[in-house]
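# Notes for the structure review
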Amino acid sequence: MLLIPTVALIPLVTDANGVVRISKTRITLDTVVTAFLEGVNAPRYLWVTLFALSD
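Bear in mind the structure is a predicted one, so any value in this text is a computation, not a measurement.

## As for the overall build of the protein
- Along the backbone of the protein there are two helices and two strands.
- Secondary structure elements in the protein, listed N-terminal to C-terminal, are β-β-α-α.
- Here the protein holds 55 residues, and the buried ones make up 9% of them.
- Only carbon and sulfur atoms are counted for the fraction: they give 67% of the accessible area of the protein, which is about 5100 Å².

## Quick look at a nonpolar patch on the surface
- A surface patch of nonpolar side chains, amounting to about 610 Å² of accessible area, comprises Ile 10, Leu 12, Leu 29, Val 33, Phe 36 and Leu 37.
- Ranked by residue count, the leading element in the nonpolar patch is helix H1 (residues 29-37), at four residues.
- Counting through the fold element by element, Val 33 comes out in helix H1.

## Thoughts on unusual backbone geometry
- The backbone of Lys 24 sits at a positive phi, close to 65°, despite the residue not being glycine.
- A residue is classified by how much of its surface remains accessible, and Lys 24, at 83% relative accessible area, is exposed.

## Comments concerning the side chain of Thr 28
- Mapping Thr 28 onto the fold places it in the loop between strand E2 (20-22) and H1.
- With a relative accessible area of 15%, Thr 28 lands in the buried category.
- Ignoring sequence-local partners within four residues, the contact set of Thr 28 consists of Val 19, Val 20 and Arg 21.

Reading the values: rules and limits
Residues numbered from 1 in each chain as written. Predicted model: local features only at pLDDT ≥ 70, side-chain atom pairs only at ≥ 80, totals over all residues. Heavy atoms only, no water. Helix = DSSP H or I, 4+ residues; strand = E, 2+ residues; numbered from the N terminus. Buried < 20%, exposed > 50% of the residue type's maximum accessible area, 1.4 Å probe, protein only. Areas by Shrake-Rupley, 256 points an atom, 1.4 Å probe, with all protein chains shown as cover. Patch = residues over 30% accessible without salt bridge, like charges linked within 9 Å, V, L, I, M, F, W, Y side chains within 5 Å. Salt bridge = Lys/Arg side-chain N within 4 Å of Asp/Glu carboxyl O. Contact = heavy atoms within 4.5 Å.

In structure tokens, the structure reads:
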């Protein structure tokens, strides 16, 4: 089996204060990493994040 490496572009942006955020959102990279380390899966994280932003 032939393995072909691929490149995945990650939409990260550093703001004026040096905070790394997911592009076009207010979500910081450290928030995503912390959620991952706590075992939160992507659909659950998205639901919780959208619910929190709606308040």
